[in-house]
Amino acid sequence: MKKLVVLFSALFCFAMCSFGQTEEAAAPQSVSFEYTTYDYGQIQKGSDGKCSFKFTNNTDTPLILTNVVASCGCTVPSWPKTPINPGESNVINVKYNTNNVGHFTKRITVTTNKQDMSTIILTIKGQVTEVTEVQDIQDETK
């Protein structure tokens, strides 16, 4: 009798553990970026402060970037307003105002239509130097 109870208990546990599982694993649901931090390094005051963040929709439904907001007014993002289909890639362009001299780290918050990844944080960083500082360095190396 004990063997029968143990056998039924084992069968019951096996049935409960496999309940709801399917043979195929779910497709990956993510948006992948080539990188999420862009380092300008040292750049001159007044230079081109543009960079791009390339991404791919690895989900099985269209991706919509519902909003892209920078942490301050010195950073201006632009992004695709149309849906990005599964498997497609696109870019978020960012322009930093290089008239502000000094070190900087700014964040860009990307909001999507995907519940499990509704917010993505991108970062730009670097140091803006005066043109004379760069010129002095070049003169010293001659």
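Residues numbered from 1 in each chain as written. Predicted model: local features only at pLDDT ≥ 70, side-chain atom pairs only at ≥ 80, totals over all residues. Heavy atoms only, no water.

Caption draft 1: A look at the nonpolar core. The biggest cluster of nonpolar side chains holds 24 residues, and the ones touching the most others in it are Phe 33, Phe 53, Phe 55, Ile 92, Val 110, Leu 122 and Ile 124. Elements with a contribution of two residues or more to this core: β1 (31-33), β2 (37-44), β3 (50-57), β4 (65-70), β6 (89-96), β7 (102-112) and β8 (119-129). Examining the composition of this core, we find that four residues originate from one element, β8, more than from any other. What Phe 55 contacts, discounting residues up to four positions off in sequence, is Val 31, Ser 32, Phe 33, Leu 63, Leu 65, Pro 80, Ile 84, Glu 88, Ser 89, Asn 90, Val 91 and Ile 92. (Core = buried A, V, L, I, M, F, W, Y, C linked by side-chain atoms within 4.5 Å. Buried < 20%, exposed > 50% of the residue type's maximum accessible area, 1.4 Å probe, protein only. Helix = DSSP H or I, 4+ residues; strand = E, 2+ residues; numbered from the N terminus. Contact = heavy atoms within 4.5 Å.)

Caption draft 2: Region of the structure containing the pairing of strand β5 (residues 75-78). Of the two faces of β5, only the one carrying Thr 75 and Pro 77 is buried; Val 76 and Ser 78 on the other face are not. Of the pairings in the sheet, the one linking β5 to β6 comprises four bridges and is antiparallel in character. Bridge pairing in β6 places Pro 77 opposite Val 94. (Pairing = 2+ DSSP bridges.)

Caption draft 3: Structural context of the packing of aromatic side chains. Going through the model one piece at a time under the given rule, you end up with six aromatic pairs. Arranged with centres 5.4 Å apart and planes meeting at 35°, the rings of Phe 33 and Phe 55 form a pair that is tilted. Residue Phe 33 is located in strand β1, and its partner Phe 55 is located in strand β3; the two are separated by 22 residues in the primary sequence. Of the two residues, Phe 33 and Phe 55, both sit in the buried class. Taking the centre distance of 6.1 Å and the plane angle of 40° together, the rings of Tyr 35 and Tyr 38 count as tilted. We classify Tyr 35 as partly exposed; its relative accessible area is 31%. Look at Tyr 38 and you get partly exposed, because its relative accessible area is 26%. A cation sits over an aromatic face here: Lys 81 above Trp 79, 3.7 Å from the ring centre. (Phe/Tyr/Trp six-rings, centres within 6.5 Å; stacked < 30°, edge-to-face > 60°. Lys NZ or Arg CZ within 6 Å of the ring centre and 35° of its normal.)

Caption draft 4: Quick peek at the side chain of Thr 56. Mapped onto the elements, Thr 56 comes out in strand β3. For Thr 56, a relative accessible area of 18% corresponds to the buried category. Among the polar contacts made by the side chain of Thr 56, one reaches the side chain of Ser 89 at a distance of 2.7 Å. Setting aside its immediate chain neighbours within four residues, Thr 56 contacts Ser 30, Val 31, Ser 32, Gly 87, Glu 88 and Ser 89. (Polar contact = N/O pair within 3.5 Å; in protein donor to acceptor, adjacent residues only side chain to side chain.)

Without other data, these values stay purely geometric and don't point to any function.
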